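# Architecture at a glance
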Amino acid sequence: MIRLESISKTFQTKSGTVTAVDDVTLEMQQGEIFGIIGFSGAGKSTLVRCMNLLERPTKGKVLIAGKDLMELESKELRKIRRKIGMIFQHFNLMSSRTVYQNIAFPLRKSSLSKIEKEEKIRSLLQLVDLVDKKDAYPSQLSGGQKQRVAIARALANDPDVLLCDEATSALDPQTTKSILKLLKKVNQELNITIVLITHEMAAVKEICDRVAIMEKGRVVEYGDTVQLFAYPKQKITKDFIHTAGNLEKVQELLEEEHELLQIEDGSKLLLLTYCGENAGHPLISYLVKKFDIEVNILYGNIDFLKGKPLGKLVISLAGTKEHIEEAMEYIRAIGVEMEVIRG
């Protein structure tokens, strides 16, 4: 549905040329939810604005359903843009218009009859669960309700693509969950390709099929969300995952030489990652019984991504060198990812 080929975007400032997006090539498949994540200044918002040419790339190609937007005349570009909905962090609603009027606004030049427009708006209000708020003004709505209006407005022209630029960043955690649930519903019921720009790994974990990690304008890693969470390669990816699962606290304790993570000579401190079927394996009790070693659990967390369990466990192993090595070999053999973090 979307293909970006060698996209770069530079800006001229008083201090010189700034490269916001640097040679990015990505593909988003029809009907998937694709996440683009990075810390502030990574270039992700500039990249998503390049997808509908709100920011025109300095170089590269933007293809939507096979058409290169960079080569289109203004009239044809406007036609394509109507099929690309967009929602923003701060909602961008018209304060002087009601919920109904905000959703109706994109339909003002539509070929639909008045009755068809009314029916369309009614169905969108039902989709976002705001039928009872149709005559309210934005100032009378909560943040989550405003974002629901923005989503309904973005869907008014039956888009093929929905771009979400930090759509949940201004919302509290509970409201964020409800908006992500709504986006998933929109994706499944309308088969719309969704691109989610965020700095929150929890949002990616909740709904994204695939994800790209951005740093300093470049995509440093991307792929299936479950695989990326389970087996990250780049440091920035690991940092995001640790933040989402609170594993960064373990790293802090390591750096502080905290007594909780102190181990005796000959012992090992391991980070284990379980993914899929091996998450249900009674590993700890088996290690103790089979290899005659002491196992101490220092940290544990289980997430569910796309219905698959993903577990992170920090444990210490104490015993004879031979028994510890046998236990570690067994851990590898059953497909549990293992990283020795001390010892």
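Right above here is the structure, for reference.
We now turn to the structure provided with this report. These figures come from a predicted structure and were not determined experimentally.

To continue, consider the packing of aromatic side chains. The full count for this structure, using the stated rule, is 4 aromatic pairs. With a centroid separation of 4.7 Å and 25° between ring planes, the pair formed by Tyr286 and Tyr330 is classed as stacked. Remark: Tyr330 occurs in helix α12 (residues 321–333) and Tyr286 occurs in helix α11 (residues 283–291); sequence separation between them is 44 residues. For Tyr286, a relative accessible area of 33% translates into the label partly exposed. Taking relative accessible area as the criterion, Tyr330 reaches 18% and is therefore assigned buried. With a centroid separation of 5.9 Å and 50° between ring planes, the pair formed by Phe291 and Tyr330 is classed as tilted. Placement of the pair is Phe291 in helix α11 and Tyr330 in helix α12, with a sequence separation of 39 residues. For the pair Phe291 and Tyr330, one class covers both residues: buried. A connected cluster of aromatic rings, assembled from ring pairs, spans Tyr286, Phe291 and Tyr330.

Each regular strand carries side chains that alternate between the two faces of the sheet. Of all the 6 residues making up strand β9 (residues 210–215), 5 are buried; the element is thus mostly covered by neighbouring parts of the structure. Where strand β3 (residues 33–37) lies against β9, 4 bridges are found, and the strand directions are parallel. Looking at the pairing, Gly35 lines up with Val211 of β9. In this structure, β9 lies alongside strand β10 (residues 218–224), joined through 6 bridges in antiparallel fashion.

What follows is about the packing of α11 against α12. With their axes 10 Å apart at the nearest point, α11 and α12 run at an angle of 140° to one another. Crossing handedness for the pair α11 and α12: right-handed. In contact with Leu283, Tyr286, Leu287 and Phe291 of α11, α12 contributes His323, Glu326, Ala327, Tyr330 and Ile331. By residue class, the composition of the contact of α11 with α12 is 7 nonpolar, 1 polar and 1 charged.

Moving on, we come to the pattern of salt bridges. Tallied over the full model, the rule gives 13 salt bridges. Across the salt bridge formed by Glu76 and Lys67, the nearest N and O atoms sit 3.5 Å from each other. Given a relative accessible area of 34%, Glu76 falls into the partly exposed group. Taking relative accessible area as the criterion, Lys67 reaches 39% and is therefore assigned partly exposed. Linking Arg332 and Glu329 is a salt bridge whose minimum nitrogen-to-oxygen distance equals 3.7 Å. On the criterion of helical spacing, the pair formed by Arg332 and Glu329 is a turn pair, its members being 3 residues apart in helix α12. When salt bridges with common partners are traced through the structure, they connect Arg3, Glu5 and Glu27 into a single cluster.

Here is what the cut-offs are and how they apply
Residues numbered from 1 in each chain as written. Predicted model: local features only at pLDDT ≥ 70, side-chain atom pairs only at ≥ 80, totals over all residues. Heavy atoms only, no water. Phe/Tyr/Trp six-rings, centres within 6.5 Å; stacked < 30°, edge-to-face > 60°. Helix = DSSP H or I, 4+ residues; strand = E, 2+ residues; numbered from the N terminus. Buried < 20%, exposed > 50% of the residue type's maximum accessible area, 1.4 Å probe, protein only. Pairing = 2+ DSSP bridges. Axes fitted to C-alpha atoms, helices over the stretch in contact; angles between N-to-C directions. Left-handed = near helix turned anticlockwise from the far one by under 90°. Contact = heavy atoms within 4.5 Å. Nonpolar A, V, L, I, M, F, W, Y, C, P; charged D, E, K, R; others polar. Salt bridge = Lys/Arg side-chain N within 4 Å of Asp/Glu carboxyl O.

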